[in-house]
Every structure is written in structure tokens, then in C-alpha cells.
Amino acid sequence: AEEFALGRDFMTLSQHVLSQFGTFSGEAFDLSALMGRIGLAGKTIARHLSLAGIAENVLGVTGEVNVQGEAVKKMDHYANRVFLRAFEQSGLVCRLASEEMEKPYYIPENCPVGRYTLLYDPIDGSSNIDVNLAIGSIFAIRQQEGNDESGDALDLLQSGRKQVGAGYILFGTSTMLVYTLGKGVHAFTLDPSIGEFILFQENITIPQEGSIYSVNEGNFWQWEEPIREYIRYIHLQKGMSARYSGALVADIHRILFQGGIFLYPGALGHPDGKLRLLYESAPLALLIEQAGGRATTGSEEILDVIPDRLHTRTPLIIGSVANVKVAESFLAPSKIS
Ligand code: P6P
């Protein structure tokens, strides 16, 4: 029997979610199946990306402009539809809100109040696709509160502490999925030969301090003075290394595993920065806090921010506790006790 013992190497994503709950409750089964569907979306997107340049609809733009006023990449459009298809007739999720859709998408059948809502950025960092660099998908899971008759999903305009779970899929040298349901942060690698995300690290903790800072210094002259002061301070520190890929998921994944700090601050004319709260900053903030790190706007914890609309932006300063604390001393000096 020994030779058939499937050790840790066979802990699949769905099975791991079940193992997070002591009992096999309805919630455990629902969330296990839900994460399995996210895994399916990830596998489908990874397969499509692997054919960039030779399959249709991977590289290039659709010719449309999305709600953000950005050119829609073919991959944004494709990945958005993959998530919608993964949850239709699943009975798990009744509403999906995405960076690519002005309004949420409602799945009509058997959707009682309290069913889950998926908030997601289907492809984040899409400018990297056409040059074969890492990109990601980001997701957050919430429960629908109230019957949302207006279709404006006002119950989503609550703080990130209402998130049931969150995570990302990183399409990099390998395809990895990292998630939390509030019980630690866990990482999986896709084995395409069996089509499963297999656990490779459980209860990941971010180093308390790191030597990496990740920010687009091309924006330096658009920043307010405090952030410029902080970056000048970093330049004078020995041993700090600049790493910036242009894809949020890749940059955050590096910070999660190696420590340090990522910043997308506000700038002149864009005081709220560029990143979206509900499906970029808040899910990543939940995940990094679960790993023992911190995420702030510079003056407020990301998870406490209450959005006034679906596509609200916030500045994001996120990473190791020690690094975020130093940045905060420049950005919100009054806060440091
Ligand atoms: P910039 C990609 O467009 C994205 O939304 C994030 O993935 C990334 O962190 C950021 O924008 C990059 O923006 O202005 O530095 O190119």
C-alpha cells in the first residue's frame, strides 16, 4: 500500500479548501467548488496564453475602449468571458463584477440572497501580453447582501473586511494560484499534464522586512513631495533593490515571497492613483495581511476603505510591516506614534 500513498504532492486546490474547514459543511463544499471553478478559469486562460502569436485572439487589441478608457486587449475580453462561463449554471455565484464591465453581470437562475459574488480583474498587466512577460488574474469573493433589485450592487460598496476570500493567478514561468479564505495564504502550481493546481506551500508568511522596493519611478515628477522624499530616502539606503514588472500580480508575488514594498501612489491629477479598490487593492490587501504584511492608502488601511462606486481607485502601499511603516512615516507623519 505504501507505493500508493499519495503524499502532500497530491493536494489539489478543491481538496485543500475542504481541508481548511474542520467539518464538511455546506459552506466548505460551496467554497471548494467555487475555488475549483476559479482554477478552471485559470487553466483555460493559461492554455490560451501559451498559444500567443499562433492562436487567434491572444495578442493585440479588440479596437474597443473599456470603462477605464483603456484600449481593450483581446486577452482582457477573452479572460473576462472565461470567468463568466466558469460560473454560469454553477449555482455558486450570482453576480460577477469585473474591471472589464461597467455594471455587474447577473446569473439569473437559482440565486438566493447570500450567494457569492465574484469580483475580478480577469487579466491584470495586459500590456505585458504582447511581449510575453508575466501577467495575472485577481479575484475577491463576497456574499451578496440584499436582493440588489436596482442592479447597482450597492451592497458591494463596503470595506474589504467583508471579503470571504481573495487571491490571484500568476501566469509566469509557471502558472500559480495563491489564495486565502481568511485561514492563511496557500500557493499552488498548475500541472498541465493532469490539469490540476497542486499545493506547493501552505500558510505562507511574508518576511517582516525586505530589500525590494517596487514602484514606477517614471512617475517621479508627477508625485507629491512626501512620496518623492520617501523614494530619495530609499535611494540612500544600502542594499535596496528596485524591481518593477508592470504587472501588479507579479510584483506582489515577489514581495509576498521575498519581502519589501510595492507602491502605486497618487500623482498630480490622479490623487487616487491608478489601481482599483474592489478587484485589485482590496483582494491583495486581504491576502498580504493574512500573510502577516500590511496594505495602506498612505493614510488608511486598504481593508477599511469604503468605496463610493464599483470602480473606485485608491493609492496602494503594500508589503512587509517594517517597510510599510517607514513609507507611512513619510506619507502620514501624524500617524506614527
Ligand atoms: P504603470 C497594469 O496596467 C496595472 O493595472 C497593474 O498591473 C500594474 O501594477 C500597473 O497598472 C502598472 O501601471 O503606470 O506603472 O504602467
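For the structure, check the block above.
Values in this document were obtained by computation on a predicted structure and should not be read as measured data.

1. Observations regarding the pairing of strand 7 (residues 165-171)
Piece 1. The buried fraction of strand 7 amounts to seven of the seven residues, a majority that puts the element mostly inside the structure.
Piece 2. When strand 6 (residues 135-143) meets strand 7, the two strands line up antiparallel, connected through seven bridges. By the bridge assignment for strand 7, G136 is matched with L170.
Piece 3. Linking strand 7 back to strand 8 (residues 175-180) in an antiparallel pair, the connection comprises three residues.

2. Quick word on unusual backbone geometry
Excluding glycine, residues mostly carry a negative phi; peptide bonds, for their part, are mostly trans.
Piece 1. Although it is not a glycine, N57 sits at a positive phi angle of roughly 60°.
Piece 2. The residue N57 is located in the loop between helix 2 (26-49) and strand 1 (61-65) in this model.
Piece 3. Under the relative-accessibility criterion, N57 is labelled partly exposed at 41%.

3. Observations regarding the nonpolar core
Piece 1. Counting 46 residues, the largest nonpolar core has F87 and L118 as the members making the most contacts within it.
Piece 2. The leading source of residues in this core is helix 2, at nine residues.
Piece 3. Those residues in contact with L118 that lie beyond four places of it in its chain are I38, F83, F87, V93, R95, L96, A97, F139, A140 and I141.
Piece 4. In terms of nonpolar packing, the next biggest core, distinct from the first, is built from 34 residues, I204, A250, I255 and I288 among them.

4. Regarding the packing of aromatic side chains
Piece 1. This structure, assessed with the given rule, holds nine aromatic pairs.
Piece 2. Judged by centre distance (5.8 Å) and plane angle (35°), the ring pair of Y179 and F188 falls under tilted.
Piece 3. Taking the relative accessible area as the measure of exposure, F188 reaches 0% and is therefore buried.
Piece 4. Counting every residue linked through ring pairs, the aromatic cluster contains F220, W221 and W223.
Piece 5. Just above the ring of F21 sits the side chain of K183; from NZ or CZ to the centre is 4.7 Å.

Rules and cut-offs
- Residues numbered from 1 in each chain as written.
- Predicted model: local features only at pLDDT ≥ 70, side-chain atom pairs only at ≥ 80, totals over all residues.
- Heavy atoms only, no water.
- Buried < 20%, exposed > 50% of the residue type's maximum accessible area, 1.4 Å probe, protein only.
- Helix = DSSP H or I, 4+ residues; strand = E, 2+ residues; numbered from the N terminus.
- Pairing = 2+ DSSP bridges.
- Core = buried A, V, L, I, M, F, W, Y, C linked by side-chain atoms within 4.5 Å.
- Contact = heavy atoms within 4.5 Å.
- Phe/Tyr/Trp six-rings, centres within 6.5 Å; stacked < 30°, edge-to-face > 60°.
- Lys NZ or Arg CZ within 6 Å of the ring centre and 35° of its normal.

From the geometry alone we can't say anything about function, so treat these as descriptive.
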